[in-house]
Each structure stands twice: as C-alpha cells, then as structure tokens.
Amino acid sequence: MGTSNRALQRSWQGLSHPITVGMLLLMLLNDHVLRLAWPSWITGKLSDVAWLAFAPFIAAALLALFLPDRENVVGPLSFTGVAAIFALAKTVPAVHSGMALLFESVLRQPFGLRPDPTDLLALPGLAIGWWLWQRACTPEPRLRGQLNWLLVAFAGLATIGNMGMPQYGLTCLYAADNLVVVTTNGGFDTYVSEDNGLTWRSLPPGDFEALGLEAC
C-alpha cells in the first residue's frame, strides 16, 4: 500500500516536513513550558495554531487507508473536517459535551479541552498545513513507512496531551481576616490573596507553611 497510496504518501510528506515537525515541537514547548511560565492570551492561542497546522495530516493519513486513490478528496475532507470539529467543539456546548463523553469513554481519561469561541482566531493555522499539502504534489515512490506511522502516533499522543487538565473548580477555600487561599484543579493550582481578594499571587502546591497554615 505504501508505494501506490498517493494520498497516504502525501500526508506523510506533509507531516514529516520540517515546518510541520516544528509546529509539533512548538505545541509541546508551549504546553509544558511557555504557558506555565508566562500564561497569557498569546500562549493560550499558540498551541491551537500549531495543532491546526499538523492535525489535518493525521486525519489524512488515517483517511487515506480507506480512500487510497482519492487524494483530491482526502486533503480537502481532512482539512475541512478538522476545522469543523475544532470550531464546533469550541462554540457549541452540545458538540463539546458529546466529544467529552466520547473521549472519556474511549480513552478513559478526563477531557480537558475547554470551549472558547475566541480560539477560532487560531483557524488560520490551517493555512500552513494546506500550503504544505499543496506542495507535496509528487509523492516519492518510497517513504519510511514505519517511521512515518510512529510520527503519526507521536502527533496523536501530543494532541491528547494538549487537551490539558479538566477544570474541577474550587477544591479548597480558606478565609480569615484579610487572608484568602483558594485551591483549584484538585490541588494543582493554588492562589493566595492577603488583601481580602483585591490582588492574587500564585502559590506552589502544598506550600501552606509559608502562610502559617497546615493545609488548605
């Protein structure tokens, strides 16, 4: 199949392109370093842009197994499908709830992708992948099949990791005089205010001794 399936070879070329690999690494860097160190609107959208640049190639590789001779269909269907799923999950509560139920049922893992209509600003990231898909117009007769499937699997795992932790809300609230301590996400995030909630600062998880507290 690897030597005749032009749609599959084209998706592999796109996914293994240095730009696409760079986008994958950028998403991992942003999720595990930048967004934690410098939380902001920019780092919040950066991973979405990067994901949209490479996710259609994962969809195309899988779809090409069923439509091996229809590369003119596989590409547009993969990109529009990823765009539609992303947009609906971010804006339609029923779609988001359905995806969460499906994800948690299949993978037995909490679904942490939050609905946010402003994330639609990241949709131009699809243009990066589409440009690469258009350039991969002459598939090579032989590509490193096993290595490319490993890349598809790695990108898929990175996508799952990109969904982040689910939001459990407040798991602890302590208030005394002007001191307020709140813990969210099962103790992962802790914030303290010493002026009755006017300003807040982050506190390392479990570091309550500095406030004279045994626990929150």
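Novice: Could you give an account of the overall build of the chain, naming the residues involved and the relevant values?
Specialist: Across its full length, the chain holds seven helices and four strands. Reading the secondary structure of the chain in the N-to-C direction produces α-α-α-α-α-α-α-β-β-β-β. A separation of at least 24 residues holds for 59% of the contacts in the chain among residues at least 6 apart in sequence. Split by element, the accessible area of the chain, about 12100 Å² in all, is 66% carbon and sulfur.

Novice: How would you summarise the packing of aromatic side chains if you had to cite specific residues and measurements?
Specialist: A full pass over the atoms with the stated rule returns four aromatic pairs. When the ring of phenylalanine 57 is compared with that of phenylalanine 79, the centres are 5.8 Å apart and the planes differ by 85°; the resulting orientation is edge-to-face. With phenylalanine 57 in helix α3 (residues 41–63) and phenylalanine 79 in helix α4 (residues 71–91), this residue pair connects regions lying 22 residues apart in the sequence. Note on accessibility: phenylalanine 57 and phenylalanine 79 belong to one class, buried. Every member of this aromatic cluster is reached through a ring pair, and the members are Phe57, Phe79, Trp130 and Trp133.

Novice: How would you explain the packing of helix α2 (residues 18–37) against α3 if you had to name every residue and give the values?
Specialist: Where α2 meets α3, the axes come as close as 8 Å, and the angle between the chain directions of the two elements is 150°. Comparing their axes, α3 and α2 come out roughly antiparallel. By crossing handedness, the relation of α2 to α3 is classed as left-handed. Residues Thr20, Met23, Leu24, Leu26, Met27, Asn30, Asp31, Leu34 and Arg35 of α2 form the contact with α3, whose participating residues are Thr43, Gly44, Leu46, Ser47, Ala50, Trp51, Ala53, Phe54 and Phe57. Taken together, the residues of the contact of α2 with α3 sort by class into eleven nonpolar, five polar and two charged.

Novice: I'd like a description of the environment of valine 74, backed by residues and values.
Specialist: The residue valine 74 is located in helix α4 in this model. Exposure remark for valine 74: the relative accessible area of 0% places this residue in the buried category. Taking the C-alpha atoms as reference, valine 74 lies 6.4 Å from alanine 64; in sequence the two are ten residues apart.

The rules behind the values
- Throughout, a residue's number is its position along its own chain's written sequence, starting from 1.
- With pLDDT at 70 or above as the cut-off, local features in this predicted model cover only qualifying residues; side-chain atom pairs require 80 or more to be listed or tallied, and sums for whole chains, interfaces and linings still use all residues.
- Only hydrogens and water are removed before side-chain values are computed, so all heavy atoms of the structure are retained for them.
- Put simply, DSSP marks the helices as runs of H or I at least four residues long and the strands as runs of E at least two long, and each gets a number from the N terminus on.
- Residue contacts are defined here by distance: any two heavy atoms, one from each residue, within 4.5 Å place the two residues in contact.
- For accessible areas, the Shrake-Rupley method is used with a probe of radius 1.4 Å. Any residue's cover is judged against the shown protein chains and nothing else.
- Classification of ring pairs uses Phe, Tyr and Trp, with its six-membered ring standing for Trp, and accepts pairs whose centres are within 6.5 Å; under 30 degrees between planes counts as stacked, over 60 as edge-to-face, and the remaining range as tilted.
- Think of it in three bands: residues with accessible area under 20% of the maximum for their type are buried, residues over 50% are exposed, and the middle band is partly exposed, with areas taken using a 1.4 Å probe on protein chains only.
- For every element, the axis is a line fit to its C-alpha atoms; helices are fit only across the contacting stretch, and the angle between N-to-C directions ranges from 0 to 180 degrees.
- Any angle that falls under 35 degrees is termed roughly parallel, while one over 145 is termed roughly antiparallel, one within 65 to 115 roughly perpendicular, and all others oblique.
- Helix crossings get a hand from a simple test, with the near helix turned counterclockwise from the far one by less than a right angle marking a left-handed crossing and a clockwise turn marking a right-handed one.
- Residue classes follow a fixed rule: Ala, Val, Leu, Ile, Met, Phe, Trp, Tyr, Cys and Pro count as nonpolar, while Asp, Glu, Lys and Arg count as charged, and any other residue, Gly among them, counts as polar.

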